[in-house]
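# Fold and contact review
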Amino acid sequence: MLPPLRVQELIRLIRSSKTQAQEREIIQKECADIRAAFREEDPLYRYRNVAKLLYMHMLGYPAHFGQMECLKLIASQKFTDKRIGYLGAMLLLDERQDAHLLITNSIKTDLNSSVQFVQGLALCTLGCMGSSEMCRDLANEVAQLLKTSNSYVKKKAVVCAVHIIRKVPDLIDMFLPTCKKLLSERSHGVQHGAVILMTEMCKRSPTALKDLRKLVPQLVQLLKNIVMSGYSPEHTVSGVSDPFLQVQILHLLRALGQNDEACSDAMNDTLAQVATNTDTNRNAGNAILYETVLTIMDIKSVSGLRVLAVNILGRFLVNNDKNIRYVALTSLLRLVQTDHTAVQRHRSTIVDLLKDSDASVNRRALELSFALVNSSNVRGMMKELQHFLDTCRPELKADCTSGMFLAAEKFAPSKRWHIDTIMQVLTTAGGYVRDDAVSNLIHLISCASELHGYTVLKLYAAIQDDISQQPLVQVASWCIGEYGDQLLQGTCEEAEPVEVSEDDVLDLLERVLQSHMSLPATRAYALTAIMKLSTRLRENVDRIRQVVSIYGSCIDVELQQRAVEYNALFKKYDHMRGAVLEKMPLMDKGQSGDNEDDDDDELRKEEKPPSIKEEVPPLNSFQHSSHVTDLLDLLGGSDNNPVIPVAPLVVQNASDGGILLDLLGVLPTPAAIPPLMVFNKNGLQVSFTFERPESSSPLLVITTSASNSTAADISDFVFQAAVPKNLQLQLQAPSGSVVPASNGGVITQLIRILNPQKVPLKMRLRLSYTHFGNSVQEVCEVSNFPPDTWQ
């Protein structure tokens, strides 16, 4: 038989193929030859065939049939075979496949080899794809290699130890004593790996964090030596001495100095030295400065050092590199909550970045600008933001308008300034304003009774020439309908006198109704405004009646319904029209904010004639749940048991005096149901508290409370529940996904269960979360519910 193709020849052949079909044909033919060679157990060219298989795997073709050949190469005594075998194991094997456990003995043998390169291959493979079982079995060998004098092996062993404690955090105590010795090594590679190892220990073990804080002086001295050392060609990058090791040390110091004043004091001087002696002309130096700033911000540093950190970020803002400018803006946005005054010194530079050509920098500068707005600078900042709104990209207009509305509402020096600012934003932004801007401005105008004449004149003038800005037209229509009498007077102390006739006002509103640019909601505002003017105008009532009757046959159902109701007011209830169309009373904003209906719908409800009864909405029918609330049938039921949201409890008949008794506070309260602990394991406790609206109600509301008594937070917490098919269950959104450590807080979640047949309650729970870096999933069944929960 002819020898198989070399790897270089196969690569050249594949690259020369002109079509994808031709490439697949070459791959299929070569895979067939490789399979035949594997069946014949040809040891001579095994490494070559595996190498070709790895190249095809990199191209995306299946290569799983070469896994066992990789194991054979690893067991070979030839270094060339081992090299290809270990490379194949790293690419083709992972911990989800049982075959990876077969190389455990080979790795253990190679870890004890006398050849450093063989040891290096074994360490690299274990650090790349070692499962938790392999890490437990081989942790002792790795710990022994950390004590060897060979820096080549020790460097790889440290990196492998990092992987081991990520997989098995329980083994941290095995590697903790060697950390101090590793920091004393002369090899920067060993030091770099040791710092990464210590950082991982701090993340995963509070006990290790406490022990490693004793090494802060040694870490500070190591960082100081690197900063003050001279030029070293082996470790210098762009004139900066070993920036990678400096960044990792700063990262570790940040973890050690959090919430510890003694450690923070020990590193303050060195951090100041790093911040002042690092070259900022190179990107490597900027990376070190950025990590220094993050460390200063996270530890309990002195105020002067924090000011220095803000000044460093201020220099980053004027850097020519847009990535550095973006990083500076992001860091200042984090810092503005704690050091607002220091960040304010760079306000002018931040505002200038609103004109930057990069969209990401614009967005970050916009967010930071809103964070800097306060009562003393609101006028100037809003002018700058208004200029930005005129020229910014369309994708930023919505965020800019929302931020301006919030800032104006929070820091407005006067109501007139507030109204002028929002009107200017509406004129500029048009359709980019948020949905609640119209209702908020209407509420603001209605509360400023002394500015009604000024506001309606300004709005009338604003939409005379341009009716394309729909939110502005809606606010103007509402104001003209409410305060049209003041508009016709044309006099206002804050504005120049304007002569406006009744025909001018009606012409403008009719133009809004007939414009093809007007949205259905805008037409509804205009029609309501015309109807309201029928009680505010002395003449032209017949014209208003004619306009309203025309839209009684409009194709738009909403507009048609309004017009029909208004016609009924004219024909049957004309004597009540003045009372029904009175000015809207002032509303409490706290209450109106909770109302789901907008101001337009409230107008419509006020203006309905008394005889036109509003339909009472039916109870929410039971609908199949979405993918979010639809749980797996953990109790083994059929697919005919969907999880169904429970309809809200509604009192339909008030004749029985239930509502009156409720108002008087004499409704009998059901007996309290004792709470129930449903899960308690590994420091995680989950308890149920119960509430029933009435003793005879089939609805049960369960409040789930999850707490954590361990020393580390529980993250990605997900609570799921399932009930038998004769019950109906609804899970509402939880209050969070992180359960704080040391009982520092709880996560709550509501469960609503409908049990019309009053069968004994049974529930299966599934809890999934991440704790100490490990993913945990627990399943339990709860059947000991108190009888009051279902009887």
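Definitions and limits used
Residues numbered from 1 in each chain as written. Predicted model: local features only at pLDDT ≥ 70, side-chain atom pairs only at ≥ 80, totals over all residues. Heavy atoms only, no water. Helix = DSSP H or I, 4+ residues; strand = E, 2+ residues; numbered from the N terminus. Buried < 20%, exposed > 50% of the residue type's maximum accessible area, 1.4 Å probe, protein only. Contact = heavy atoms within 4.5 Å. Areas by Shrake-Rupley, 256 points an atom, 1.4 Å probe, with all protein chains shown as cover. Polar contact = N/O pair within 3.5 Å; in protein donor to acceptor, adjacent residues only side chain to side chain. Core = buried A, V, L, I, M, F, W, Y, C linked by side-chain atoms within 4.5 Å. Axes fitted to C-alpha atoms, helices over the stretch in contact; angles between N-to-C directions. Parallel < 35°, antiparallel > 145°, perpendicular 65-115°, else oblique. Left-handed = near helix turned anticlockwise from the far one by under 90°. Pairing = 2+ DSSP bridges. Salt bridge = Lys/Arg side-chain N within 4 Å of Asp/Glu carboxyl O. pLDDT = per-residue confidence, 0-100. Expected span 1.5 Å × (residues − 1). Arc of directions from axis to C-beta.

## Remarks on the overall build of the protein chain
- Check the secondary structure of the protein chain and you find 36 helices and 10 strands.
- In the protein chain, which comprises 791 residues, the proportion classed as buried is 48%.
- Contacts spanning at least 24 positions in sequence make up 66% of the contacts within the protein chain whose residues lie at least 6 apart.
- Of the roughly 39,800 Å² of accessible surface on the protein chain, a fraction of 50% belongs to carbon and sulfur atoms.

## A short note on the side chain of Asp81
- In this fold, Asp81 is placed in helix H5 (residues 79-92).
- Separated by 3.1 Å, the side chains of Asp81 and Ser76 make a polar contact.
- In this view, Asp81 contacts Tyr47, Leu73 and Ser76; residues no more than four positions away in its chain are not counted.

## With respect to the nonpolar core
- Val142, Phe175, Leu197, Met201, Leu212, Val475 and Ile480 are the most contacted members of the largest nonpolar core, which has 178 residues in total.
- Setting aside anything within four residues of it in sequence, one finds Ile480 in contact with Val456, Tyr460, Ile463, Leu487, Val505, Leu508, Leu509 and Leu533.
- Residues Leu676, Leu729, Leu731 and Leu765 belong to the second largest nonpolar core, which totals 33 residues.

## As for the packing of helix H12 (residues 188-204) against helix H15 (residues 243-257)
- Between H12 and H15, whose axes approach to 9 Å, the crossing angle comes to 25°. By the angle between their axes, H12 is roughly parallel relative to H15. Handedness of the H12/H15 crossing: left-handed. Each of His188, Gln191, His192, Val195, Ile196, Met198, Thr199 and Cys202 in H12 lies in contact with H15, whose residues at this interface are Phe244, Leu245, Gln248, Ile249, Leu252, Ala255 and Leu256.

## Notes on the pairing of strand E5 (residues 699-708)
- E5 sits mainly inside the fold: eight of its 10 residues count as buried.
- Bridging between strand E4 (residues 684-691) and E5 involves eight bridges; their strand directions are antiparallel. Within E5, the position partnered with Glu691 by the bridge is Val701.
- Sheet analysis places E5 next to strand E8 (residues 747-754), joined by eight bridges and oriented antiparallel. From the neighbouring strand, Ala706 faces E8, where its bridge partner is Ile747.

## Some remarks on the sheet that holds strand E9 (residues 763-771)
- Reading across from one edge, E6-E9-E10 is the order of the three strands in this open sheet, with antiparallel pairing throughout. Bordering the open sheet on either side are strand E6 (714-722) and strand E10 (774-782), each of which pairs with just one other strand. Put simply, the sheet's adjacent strands are angled 15° from each other on average, direction ignored.
- Sheet topology note: the E6/E9 ladder contains seven bridges and is antiparallel. The residue of E9 that forms the bridge with Phe719 is Leu767.

## Notes on the pattern of salt bridges
- In this structure the tally under the stated criterion is 32 salt bridges.
- Residue Glu185 is joined to Lys154 by a salt bridge in which the shortest nitrogen-to-oxygen separation is 2.6 Å. Note that Glu185 is positioned in the loop between helix H11 (179-183) and H12 and Lys154 in helix H9 (residues 151-167), a separation of 31 residues in sequence.
- A relative accessible area of 5% means that Lys154 is categorised as buried.
- The network of salt bridges with shared partners includes Glu41, Arg46, Glu69 and Lys72.

## Description of the packing of helix H30 (residues 520-533) against helix H31 (residues 541-550)
- Where H30 meets H31, the axes come as close as 9 Å, and the angle between the chain directions of the two elements is 150°. Between H30 and H31, the crossing angle belongs to the class labelled roughly antiparallel. Crossing hand, H30 versus H31: left-handed. Residues Leu527, Ile530, Met531 and Leu533 of H30 form the contact with H31, whose own contacting residues are Ile544, Val547 and Val548.

## With respect to the confidence of the model for the protein chain
- Of all residues in the protein chain, 87% have pLDDT values of 70 or greater, and the mean over the chain is 81.
- At the level of individual helices and strands, the protein chain shows its lowest average pLDDT in helix H36 (residues 658-664), which scores 38, and its highest in H9, which scores 92.
- The low-confidence segment residues 590-669, where pLDDT is below 50, has 105 contacts with residues more than four positions distant or belonging to other chains.

## Thoughts on helix H2 (residues 20-39)
- End to end, H2 covers 29 Å across 20 residues, agreeing with the expected 28 Å (1.5 Å per residue, within 8%).
- Restricting attention to buried positions, one finds in H2 the residues Ile26, Ile27, Glu30, Cys31, Ile34, Ala37 and Phe38. Down the axis of H2, the sector holding all buried residues measures 130°, keeping them to one side. Residues of H2 that are exposed and point more than 90 degrees away from the buried face comprise Glu25, Gln28, Lys29 and Arg39.
- Just past H2, the residue Glu41 takes up positive phi, approximately 55°.

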